[in-house]
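# Inside the fold
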Amino acid sequence: MRFILLQEELKKLGYKIRVKNNEIYLETKMTDIKNTVSKLMNNYKLNFVAEFCREDKQFIISIILSDRKHGYFLSIYYSTQDKFISLQDIIYQSHLFEREIADLYGLNILWGRDTRNIVKHEIWEKEVFPLRKNFKYGQKIKDKNEVCEYKFKPVAGEGGYQIAVGPVHAGIIEPGHFRFTAMGEQIENLEIRLMYKHRGIEKICENIDANKLNLMFERVAGESSAAYGEAYAQLIEKLTDFIVTDEIKALRVILLELERIYNYLDDIGGVCVDIGFSYPAKKFGYFSEKIHQLCERLTGSRFLRNVIVPCGINMNFSSTQIEDILNTLNSIKPRMNDVIEMVINSVSFLDRVENTGLVYNEKAKRLCMTGIAGRASGIIYDARTSFKYEIYKEIKKNVNSLELGGVFERFKLKSAEIKDAFDFIEKSIKYIKNDINKNKPEIKLEKGKEAIAIVETVKGELVVYGKTDDDNKFSRIYFKAPSFTNWDGLTYAVLNEVVPDFPLCNKSFNMSYSENDK
C-alpha cells in the first residue's frame, strides 16, 4: 500500500501516528501489540525488519516493519516496566531480537518459545545489563561465570553423534561455535552460537559526539565500512533535513560499489578455495587486491573509511581519479569475466556446487533472509531498488534473483553483482561534471528527533535507528545488521549434506561474526 494511503487507513482504524520522511510511528499498548502487528503485517503486506528496546524513563519496545514495494517504514512501539510480549508465534525470527533485548536490558520475555541467552555467555555476570542507562559508559563486564549453561538441542534416536567446532578455530578467524548433529556422514541438525566478543558498540555510540560517530559506525564490520558510513550519513541527513548534491550521491555510489566488488571477488574466490580449485581462487584474490589498491589511491584507505560522511564527502575527486577508476576497472573486467566463465563451465566445480546447500523460498522468508542469501532463494528484494537512496533510482532498475537457493545460486548472484557494480560505477561517473572538493560540515543535532536509515550492504539489509539526545549525541543507536538473521540460513542449508560440505556452504553465505559482536 502506498505511504499516504496507509496513513489514512491507520487514522481510520483509530491509531495515533506521527509521520516523518518515509517513516510512520504508531504507539500502542503492550496488551494490543501482538494483534496490532499481526493485523498490519497481514492486511497491508508489510515485512518484519527488527525489534529492539530503548530506555526513556520506561523501557520502550519498538517493532519495525517495512513496505518493500513503496519504500517506507512503520515503527510500532509501546512502553513497559520490566517485561514484554513475545511475537515468536507470528514472527519466527523475533526470538533473536527478543533474546537480545532480554540479555541487554534485563526484561522478561512473556510466552516466548525460545528464551535462552544469546548475548550473555556462561562467563558473564548474571545481573548486568549493558544497555541500561544505569550501566555506566566504560564499565567493564566481569568474568564471574554466573550465567546458566546454554542448552543445545540434544541428539535424538540411536546412532547419532555431535561434532563441536569452535569458538576457537584453527586459523585467523572470529569466534563462533558450530554444534553439528550427524547420523553417519549426513548432518541432521546445526546450531550456531555467536556473540562471544560483545563490544558494546551501541553503548559507545551514545557517548560519542555526532561529528565523530561515523568512525564508530565503520568499525561495526570492517568489510562493510563504506556501507555503514553510508547508513550514518543517511541517518544524519534525515534528522537534519539535508540533501546532498547529485554529484556527491554519485560519488558515494562509486565507493559503495567498489566495496561490493572487492567483497564479492573474495567471496567467489573463497568458494573456489573450499573445493580445491586454486587457479580461479588466486585470480579472484588478485583482482580483489587491485580494487583495494585503487580504493587506497582514491581515499587513503583500503577499506574506504572516513570518506562517506554526513552532509558531504571527505575526499577530493577530479578527472584524475575518474581516469584511475576507469583504467583499473577496464584492466580487470575482461580477465575477470573470462575466469568466471571458466569456473561456471567446469564440470568438477559444478559437481560440488549444484544442488548443494539449498534453502528454499518459504524457509528463507520465514528466516527473514536478505541480500544475496535471500535473493538466491527467490526473495526479490534489494534495498537499493526498494528504498532508492542516492542515485540508485536512476541507475539500478532490476533485482538479480534465482530460485533454488544453493551454493551455485549464491555464487552466480555474486558474480552478477560484481558485473553490475562495474556498470553502476561507469554510470555514476557520468553524473559527475565538475571536480568535487572535500567537504565535511559540522553536525548540530536537535534533541528528541528520531530516524531510520537503510543500506544494502554486501551481506544484506542494514537498518539503523537513531534518536538524538543532549550535547550533540544520541540517546539510542540501534543496528539491525544483515548477518543477525541471515546466519540462520546456514543452519538449514547444511541439512542432509555431508559434514565436509559445511565449509563450502558457509563460504557461500560468508556472513559476518563482528556484526553480531556489536
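Residues numbered from 1 in each chain as written. Predicted model: local features only at pLDDT ≥ 70, side-chain atom pairs only at ≥ 80, totals over all residues. Heavy atoms only, no water.

What follows covers the pattern of salt bridges. Working definition: two side chains of opposite charge can pair if their charged atoms are close together. Using the criterion set out here, one finds 34 salt bridges in the structure. Between Lys396 and Asp382 there is a salt bridge, and its shortest N-O distance comes to 3.9 Å. Of the two residues, Lys396 is situated in the loop between helix 14 (392–395) and helix 15 (407–429) and Asp382 in the loop between helix 12 (371–375) and helix 13 (383–386); the sequence distance between them amounts to 14 residues. The two residues Lys396 and Asp382 agree in class, both being buried. Of the charged contacts in the structure, one is a salt bridge between Glu461 and Lys480, with a shortest N-O distance of 3.3 Å. Taken together, the residues span a long stretch of sequence, with Glu461 in strand 14 (residues 461–468) and Lys480 in strand 15 (residues 474–480) at a distance of 19 residues. The burial state of Glu461 is the same as that of Lys480; both residues are buried. (Salt bridge = Lys/Arg side-chain N within 4 Å of Asp/Glu carboxyl O. Helix = DSSP H or I, 4+ residues; strand = E, 2+ residues; numbered from the N terminus. Buried < 20%, exposed > 50% of the residue type's maximum accessible area, 1.4 Å probe, protein only.)

Moving on, we get to the sheet that holds strand 5 (residues 72–80). Across the sheet, five strands lie side by side as 1-2-5-4-3; this open sheet has mixed pairing. If you trace the sheet from one side to the other, it starts and ends with strand 1 (17–20) and strand 3 (47–56), each paired once. Averaged over all adjacent pairs, the angle separating strand axes in this sheet is 20°, with direction ignored. Across four bridges, the pairing between strand 1 and strand 2 (residues 23–27) is antiparallel. Considered in strand 2, the bridge of Arg18 is made with Tyr25. Against the sheet, helix 2 (residues 33–44) contacts strand 2, strand 3, strand 4 (58–67) and strand 5, and its axis sits at roughly 170° relative to strand 5. Relative to the sheet, helix 3 (residues 94–105) contacts strand 3 and strand 4, its axis offset from that of strand 3 by approximately 10°. (Pairing = 2+ DSSP bridges. Axes fitted to C-alpha atoms, helices over the stretch in contact; angles between N-to-C directions. Contact = heavy atoms within 4.5 Å.)

Let us look at the environment of Leu445. Turning to its location among the elements, Leu445 is positioned in the loop between helix 15 and strand 13 (450–456). Here Leu445 falls in the buried class, since its relative accessible area comes to 15%. Distance in space between the C-alpha atoms of Leu445 and Thr468 is 6.9 Å, their sequence separation being 23 residues. Ignoring anything within four residues of it in the chain, the contact list for Leu445 reads Ala210, Ile236, Thr240, Thr468, Asn472, Lys473 and Phe474.

The next point concerns the packing of helix 7 (residues 246–274) against helix 17 (residues 502–509). Each packed pair of helices is defined by two parameters, the angle between the axes and the distance between the axes. Relative orientation of the contacting elements helix 7 and helix 17 amounts to 175°, with a least axis distance of 8 Å. Judged on the interaxial angle alone, helix 17 and helix 7 are roughly antiparallel. Within the contact between the two elements, helix 7 uses Asp267, Gly270, Val271 and Asp274 and helix 17 uses Pro503, Leu504, Lys507 and Ser508. Residues of the contact of helix 7 with helix 17, tallied by class, amount to three nonpolar, two polar and three charged. (Parallel < 35°, antiparallel > 145°, perpendicular 65-115°, else oblique. Nonpolar A, V, L, I, M, F, W, Y, C, P; charged D, E, K, R; others polar.)

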